[in-house]
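Residues per chain, in single letters:
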Amino acid sequence: MAATIINGKKVSNEIKEELKIKVDALKAKGITPGLAAVLIGEDPASATYVRSKAKACEKIGVYSEVIRRSADITAEELISIIEDLNGREEIDGILVQSPLPKHIDEQAMTLLIDPKKDVDGFHPFNVGMTLIGQPTFQSCTPYGIMELLRRYEIDPSGKEVVILGRSNIVGKPMGAMLVQKAKGANATVTTAHSRTKGFPEVCRRADILIAAIGQPEFVKGDWIKDAAVVIDVGINRVEDASKEKGYRLCGDVDFAECEKKASFITPVPGGVGPMTIAMLLTNTVKSAQRRLLL
Ligand code: NDP
């Protein structure tokens, strides 16, 4: 049985169209949602992410501002940029693009962002709200995965979900969302990581397998239960001389092998990736809607 390919690009475009209607309604009331991205240094991948976020904003009518600074920025300078953005009424969302230079404490910067503008959903306040099932801004990648499951009518309730990876931005919030006593959740969650023993056996338990470890094509076809749902978060570059750029992108899952056994599977690219930006926009529009109450 060939798996149904979960088309994240298509779903993200649908979400953007829905958001555009909300943005137009806000604009009719004099509110233009605004997202500010702070980009430090010359990391090409970060620059690409920030560019695609700005482009997505433009597409749905959200004001976007990119603040660029060199890698030798001091912590004080960055603090002052964040504080300024916290205070600007026309900015509803702030994101500080990771990674930051080594001399800057990334967690300390996250703590400085006003939780009401933390559209990445990384501030401990918002992480905590997700954990207790009262989400404000949810971490965009796992939030996007929840949305993909919902729109493909894949109900995690009562299912064994195995999450590979325990990062603060993907693995941990993913588990917190899926374990909630709530519609679209109610899963039995296992989180595996580098200290987990018997990775293949743990994976084989999964009705829904979510891979977020950053290891190219790590999950093999015989680790997958028949008809499992496979969600691949990984974005890895592997050398490929046949490509013009000299590399190709792949996920954490061996797609060719797993596609044969899965019932649903996300491709890389075009699966989870586009959803992350769609949910960032969702959070930004939600943040702007709060201005209606002021
Ligand atoms: P991190 O590097 O922060 O975390 C990786 C996790 O995987 C850790 O928990 C680590 O275990 C575990 N891990 C790493 N190697 C192994 C291994 N060989 N066996 C078992 N466990 C392992 O990664 P992120 O969560 O930030 O990202 C994961 C992947 O998802 C990356 O490819 C990233 O590019 C991609 N990503 C994609 C996004 C999207 O929009 N599609 C958004 C965010 C990330 P331990 O904790 O023990 O070290």
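Model, not experiment: these values are computed from the prediction.

According to the domain assignment, the chain consists of domain 1 (31-115) and domain 2 (140-273). Its C-alpha centre places domain 1 at a distance of 28 Å from the equivalent point of domain 2.

Quick look at unusual backbone geometry now. A cis amide bond links Ser98 with the next residue in sequence, Pro99, at an omega value of 0°. Here Pro99 shows up in the loop between strand E4 (93-96) and helix H4 (106-112). In the segment running from Val268 into Pro269, the intervening peptide bond is cis, with an omega of 0°. You can see Pro269 is positioned in the loop between strand E11 (264-265) and helix H10 (272-289). One non-glycine residue, Glu153, adopts positive backbone phi at about 55°. Within the fold, Glu153 resides in the loop between helix H6 (140-151) and strand E5 (160-164). For Glu153, a relative accessible area of 73% corresponds to the exposed category. Backbone geometry at Asn186 places phi at a positive 60°, although glycine is not the residue there. Within the element layout of this structure, Asn186 appears in the loop between helix H7 (171-178) and strand E6 (188-192).

All right, on to the sheet that holds strand E8 (residues 229-232) then. Strand order in the open sheet formed by six strands is E1-E11-E8-E7-E5-E6, with parallel pairing between adjacent strands. The sheet is open, and its two edges are formed by strand E1 (4-5) and E6, each paired on a single side. In the sheet, E1 pairs with E11 via two bridges, with the strands oriented parallel. Looking across to E11, one finds that Ile5 is bridged to Ile265. Packed onto the sheet, H7 meets E5, E6 and strand E7 (208-211) and runs at close to 165° relative to E5.

Before going further, it helps to spend a moment on the pairing of strand E2 (residues 34-40). The two faces of the sheet receive side chains in turn, since in a regular strand these alternate between them. Extensive coverage of E2 is indicated by the burial of seven of its seven residues. Burial along E2 is two-sided: the residues Gly34, Ala36, Val38 and Ile40 and Leu35, Ala37 and Leu39 are all buried. Alignment of E2 against strand E3 (residues 63-69), held across seven bridges, turns out to be parallel. Directly across from Leu35, in E3, lies its bridge partner Ser64. Crossover handedness for the path E2 to helix H2 (residues 44-60) to E3: right-handed. When E2 meets E4, the two strands line up parallel, connected through four bridges. Looking at the pairing, Leu35 lines up with Gly93 of E4.

Across the interface, H6 lies against H10 with an axial gap of 8 Å and an inter-helix angle of 105°. As judged from the angle between their axes, H6 and H10 are roughly perpendicular. Contacts from Cys140, Thr141, Tyr143, Gly144, Ile145, Glu147 and Leu148 in H6 reach Val272, Met275, Thr276, Met279, Leu280, Thr282 and Asn283 in H10. Taken together, the residues that form the contact of H6 with H10 break down as eight nonpolar, five polar and one charged.

Residues Tyr49, Ile235 and Leu249 make up a contiguous nonpolar surface patch of roughly 270 Å² in combined accessible area. Inspection of the secondary structure assignment puts Leu249 in strand E10 (residues 247-250).

Moving on to the environment of Ala211. Tracing the chain through its elements places Ala211 in strand E7. Its relative accessible area of 0% is what places Ala211 among the buried residues. Separated by 42 residues in the primary sequence, Ala211 and Val253 place their C-alpha atoms 7.1 Å from one another. If sequence neighbours within four positions are ignored, Ala211 has contacts with Leu164, Val219, Ile231, Asp232, Val233, Gly234, Asp252 and Val253.

Before going further, it helps to spend a moment on the site of the ligand. Close to the ligand lie 21 residues; Arg166, Ser167, Ser194, Gln215 and Thr276 are nearest. Contacts to the ligand include Gln215, whose side-chain N or O atom sits 3.1 Å from a nitrogen atom. One of the side-chain nitrogen or oxygen atoms of Thr276 is found 2.7 Å away from an oxygen atom of the ligand. When the ligand is considered free in solution it has 930 Å² of accessible area, and contact with the protein chains removes 69% of it. Of all the elements, H10 adds the most residues to the shell around the ligand, at three residues. Residues that form the shell around the ligand fall into these classes: nine nonpolar, 11 polar and one charged.

What counts and what doesn't
Residues numbered from 1 in each chain as written. Predicted model: local features only at pLDDT ≥ 70, side-chain atom pairs only at ≥ 80, totals over all residues. Heavy atoms only, no water. Domains from an automatic or database assignment. Helix = DSSP H or I, 4+ residues; strand = E, 2+ residues; numbered from the N terminus. Buried < 20%, exposed > 50% of the residue type's maximum accessible area, 1.4 Å probe, protein only. Pairing = 2+ DSSP bridges. Contact = heavy atoms within 4.5 Å. Axes fitted to C-alpha atoms, helices over the stretch in contact; angles between N-to-C directions. Right-handed = clockwise from strand over helix to strand, strands pointing away. Parallel < 35°, antiparallel > 145°, perpendicular 65-115°, else oblique. Nonpolar A, V, L, I, M, F, W, Y, C, P; charged D, E, K, R; others polar. Patch = residues over 30% accessible without salt bridge, like charges linked within 9 Å, V, L, I, M, F, W, Y side chains within 5 Å. Areas by Shrake-Rupley, 256 points an atom, 1.4 Å probe, with all protein chains shown as cover. Salt bridge = Lys/Arg side-chain N within 4 Å of Asp/Glu carboxyl O. Near = heavy atom within 4 Å. Polar contact = N/O pair within 3.5 Å; in protein donor to acceptor, adjacent residues only side chain to side chain.

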